[in-house]
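# Report on the structure
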Amino acid sequence: MRLAIVLLVVVTVLGVLLATQDANLTNDVRIALPFVDVDWTGPVLWMVGGWFGAGLLLGYLVALPGRVGASLRARKIEKQLATSDEPVKPSAGRKPAASSSATEADEMQKLADEVARRTESVQNQPPPSQTI
């Protein structure tokens, strides 16, 4: 993970150094959209930066429905756990959250404990007898 961050910083610094050369600041680029009477003219640096920003925005908007769906599923599961007749027990060696607003890690641990408890109760049941 640290290596990836270091490489990202190095690539970013190199990109900034290459992008801010005089040729990229003084030479203009013209972009014309087909079938529409629109022309954009500007320095290479501004064009690349603008299209990069547009790509980031588009990527965020594409990922948004998945994030909203995951949030809705998490709320539904939390409501099911809250209405469950048995309280969720913390695992051994793990303290319950000190504050009323639990962190995401605590919520995930609660869900994992609930799944483990339910799986354990199913595994402890005797197998059905098969008489013919």
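As shown above, the structure is provided for reference.
In short, a report on the structure. (Residues numbered from 1 in each chain as written. Predicted model: local features only at pLDDT ≥ 70, side-chain atom pairs only at ≥ 80, totals over all residues. Heavy atoms only, no water.)

### Some remarks on the overall build of the protein chain
The line we're drawing: Strands are runs of DSSP state E lasting at least two residues, helices are runs of H or I lasting at least four, and both sets are numbered from the N terminus onward. Burial classes follow relative accessibility: with a 1.4 Å probe on protein chains only, a residue under 20% of its type's maximum area counts as buried, one over 50% as exposed, and anything between as partly exposed. We call two residues in contact whenever any of their non-hydrogen atoms come within 4.5 Å of each other. Computed by Shrake-Rupley with a 1.4 Å probe, the accessible areas treat only the displayed protein chains as cover when residues are assessed.
Helix and strand content of the protein chain: four helices and two strands. Scanning the protein chain from its N terminus toward the C terminus, one meets helices and strands in the order α-α-β-β-α-α. Out of the 132 residues in the protein chain, the part that is buried amounts to 6%. Put simply, 24% of the contacts in the protein chain that link residues at least 6 apart link residues at least 24 apart. As displayed, the protein chain offers around 11600 Å² of accessible surface, 65% of which is attributable to carbon and sulfur atoms.

### A few points about the layout of surface pockets
Our working definition: Using only the protein atoms, space was sampled on a 1 Å grid; points where a 1.4 Å probe fits but cannot get out form cavities, open sets with protein on both sides within 12 Å along at least five of seven lines form pockets, and lining residues are those with an atom within 4 Å of a point. Grid points are joined across faces, edges and corners, and a volume is the space filled by probe spheres set on the points. Only Asp, Glu, Lys and Arg are considered charged in this grouping, and only Ala, Val, Leu, Ile, Met, Phe, Trp, Tyr, Cys and Pro are considered nonpolar; every other residue, Gly among them, is considered polar.
The computed volume of the largest pocket comes to approximately 190 Å³. Around the largest pocket sit Ala70, Ser71, Ala74, Glu78, Glu104, Glu107, Met108 and Leu111, which together line it. Of all the secondary structure elements, the ones that give two or more residues to the lining of the largest pocket are helix H3 (44-82) and helix H4 (104-123). By residue class, the composition of the lining of the largest pocket is four nonpolar, one polar and three charged.

### With respect to unusual backbone geometry
Phi angles above zero are rare outside glycine, and Phe35 is one such case at about 65 degrees. Within the secondary structure layout, Phe35 lies in the loop between strand S1 (28-33) and strand S2 (38-43).

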